[in-house]
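# Examination of the molecular architecture
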Amino acid sequence: PASAQMVRELQRVTLRAYSASLLRASTAVTAPATIGAVTPSILYEILQLAGILAFAISGALVGVRRHLDMLGVIVVGASTGVGGGILRDMLIGVHPPLSFLHWQNLSVAIAGSLVVFFLHPGFTRIKHFEIVFDAFGLGLFSANGAVIAAASGQSTLTSILVGAITAIGGGVIRDVLVNTVPGVLTRELYAVSALLGAGSAVAILALTGDDTLASLVGGALAVTLRLTSYARGWHLPKARLSGDPTA
């Protein structure tokens, strides 16, 4: 019984740390002094929802390309949008995951998936649209995930790893659902970009204590590296097999 009480108390503390930005955002909205102003807490919440939307759109585009029906597109898109955050919450001991408690997360993911389902001809005409949204989701999730882990009291290394897993988790779930080798294992500096975003965010948070600045800068660095590596075809070294014509 004593150990169970300790576990429950740890979960409550972690949940409070994770939800701090949401609570500050709610307070900022209701406080007369901040009405009409975009506070850092509100901006931080917008960044989280933007990451969910970006990943949901990238996942839904994959579902459309695989000729899934409406439900399939929604499942793939929503899973991509909130999957990384759910993995993050499981890693830092938040149960149930916050996406099951805050309706905004899942609603944004489903809405983004539906937009892609109905308007996909316009999306698919834009070259590399899926890559761009995936890159923005990767950057925002890697930085936000690392900041949330650090705010919950995790060590520097743990926070960086949690941030990286948050960023790549949704994409891995998406690829598994459509029976594809996860892009993190094959794409251009995918995991490296996530680690850069998470590491930068943790460092900036430690130096400044500003979670919004850490998320913005860390996310921007991850997005920049991801898009640059895609445009220039940068890859990590691959094993060369004997008889391989590319060797």
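Cut-off values and rules
- Residues numbered from 1 in each chain as written.
- Predicted model: local features only at pLDDT ≥ 70, side-chain atom pairs only at ≥ 80, totals over all residues.
- Heavy atoms only, no water.
- Helix = DSSP H or I, 4+ residues; strand = E, 2+ residues; numbered from the N terminus.
- Buried < 20%, exposed > 50% of the residue type's maximum accessible area, 1.4 Å probe, protein only.
- Contact = heavy atoms within 4.5 Å.
- Areas by Shrake-Rupley, 256 points an atom, 1.4 Å probe, with all protein chains shown as cover.
- Expected span 1.5 Å × (residues − 1).
- Polar contact = N/O pair within 3.5 Å; in protein donor to acceptor, adjacent residues only side chain to side chain.
- Salt bridge = Lys/Arg side-chain N within 4 Å of Asp/Glu carboxyl O.

Attention shifts here to the overall build of the protein. On a plain count of helices and strands, the protein comes out with 9 helices and 0 strands. Element order for the protein, N to C, with α for helix and β for strand: α-α-α-α-α-α-α-α-α. By the burial criterion, 46% of the 247 residues in the protein qualify as buried. Long-range pairs, those at least 24 residues apart, make up 75% of the contacts in the protein with a sequence separation of at least 6. Within the structure as shown, the protein displays about 12,400 Å² of accessible surface, and the carbon and sulfur contribution to it stands at 70%.

Turning to helix α9 (residues 211-232), a few remarks are in order. An α-helix turns once every 3.6 residues. As a result, residues three or four positions apart point the same way. Helix length check: α9, at 22 residues, gives a terminal C-alpha distance of 31 Å against a target of 32 Å (1.5 Å per residue), a fit within 8%. Listing the buried residues of α9 in full gives D211, T212, A214, S215, G218, G219, A222, V223, L225, R226 and S229. Of the residues that open α9, the one with a side-chain oxygen 3.0 Å from the backbone nitrogen of T212 is D210. Of the residues trailing α9, G233 is marked for its positive phi of about 70°.

What follows concerns the pattern of salt bridges. Applying the stated criterion across every chain, the model contains 3 salt bridges. Of the charged contacts in the structure, one is a salt bridge between D89 and R88, with a shortest N-O distance of 3.2 Å. On the basis of relative accessible area, D89 is assigned to the buried category, the value being 0%. Taking the relative accessible area as the measure of exposure, R88 reaches 7% and is therefore buried. Between D175 and R174 there is a salt bridge, and its shortest N-O distance comes to 3.1 Å. For the pair formed by D175 and R174, the shared burial category is buried. A single salt-bridge network, built from bridges that share partners, covers D134, R174 and D175.

Attention shifts here to unusual backbone geometry. Cis geometry is adopted by the peptide bond preceding P96, which originates at H95 and carries an omega value of -5°. Relative to the helices and strands, P96 is located in the loop between α4 (70-91) and α5 (103-124). Residue H67 is not a glycine yet carries a positive backbone phi of 60°. Within the secondary structure layout, H67 lies in the loop between α3 (40-65) and α4. Despite not being glycine, N179 shows a phi value in the positive range, around 60°. Structurally, N179 can be placed in the loop between α7 (156-177) and α8 (190-208).

When you line up the elements, S159 lands in helix α7. Judged by its relative accessible area of 1%, S159 falls in the buried class. When near neighbours in sequence (up to four residues on either side) are disregarded, S159 contacts A146, A149, A150, Q154 and V202.

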